[in-house]
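Listed here are the chains, written in short residue letters.
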Amino acid sequence: MKKLFFMAVMIFGCLSFKFADAQNGFGIGINIGSQPDWGPVGYHHARFYYLPDIDAYYDVNAHQYVYNENNVWVHGGTLPPRYGNFDRYHSYKVVVNQRNPWEHHEDIRTRYGGYKGRTDQRNIRDSRDYHYRDHWKEKGDKHS
């Protein structure tokens, strides 16, 4: 009987570990501290932002932009000069929590393209929400 109980515990433990590993593999969790201060307020987890004003993406965890260059999706730490007038703080960002959203770009553009030109979204920098305290902590403030 002890062997059967021990075997059941081992199997359950292995299955639980694999389930937790799968959850982490899909990016489930909180990444508020990884989000840039120009990101939208209200999301505990954001994998990508779709930026309808420039029809591009921002990879939150890699801190890289993903934009189309001659029909190829390019990943880079900065945007190319053609986006020089793009204002990250006053443009609309759509949170997209799926792997490689550019592979479904036409669907995403169709669904969220109507947000192009909107400037009414609050960003993390301007929030006083406790969750974003690391983004808005003033210099010289000794409180955590």
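Look above for the structure.
Everything in this summary refers to the structure shown in the same document. (Residues numbered from 1 in each chain as written. Predicted model: local features only at pLDDT ≥ 70, side-chain atom pairs only at ≥ 80, totals over all residues. Heavy atoms only, no water.)

What follows covers the environment of V60. Inspection of the secondary structure puts V60 in the loop between β2 (56-59) and β3 (64-69). Under the relative-accessibility criterion, V60 is labelled buried at 0%. Along the primary structure V60 and H45 are separated by 15 residues, whereas in three dimensions their C-alpha atoms are 9.4 Å apart. (Helix = DSSP H or I, 4+ residues; strand = E, 2+ residues; numbered from the N terminus. Buried < 20%, exposed > 50% of the residue type's maximum accessible area, 1.4 Å probe, protein only.)

Next up on the list: the pairing of strand β4 (residues 72-76). The pairing of β3 with β4 spans 5 bridges and is classified as antiparallel. Of the residues in β4, the one forming a bridge with N68 is W73. Between β3 and β4, which pair antiparallel in sequence order, lie 2 residues; one of them, N70, sits at a positive phi of approximately 55°. (Pairing = 2+ DSSP bridges.)

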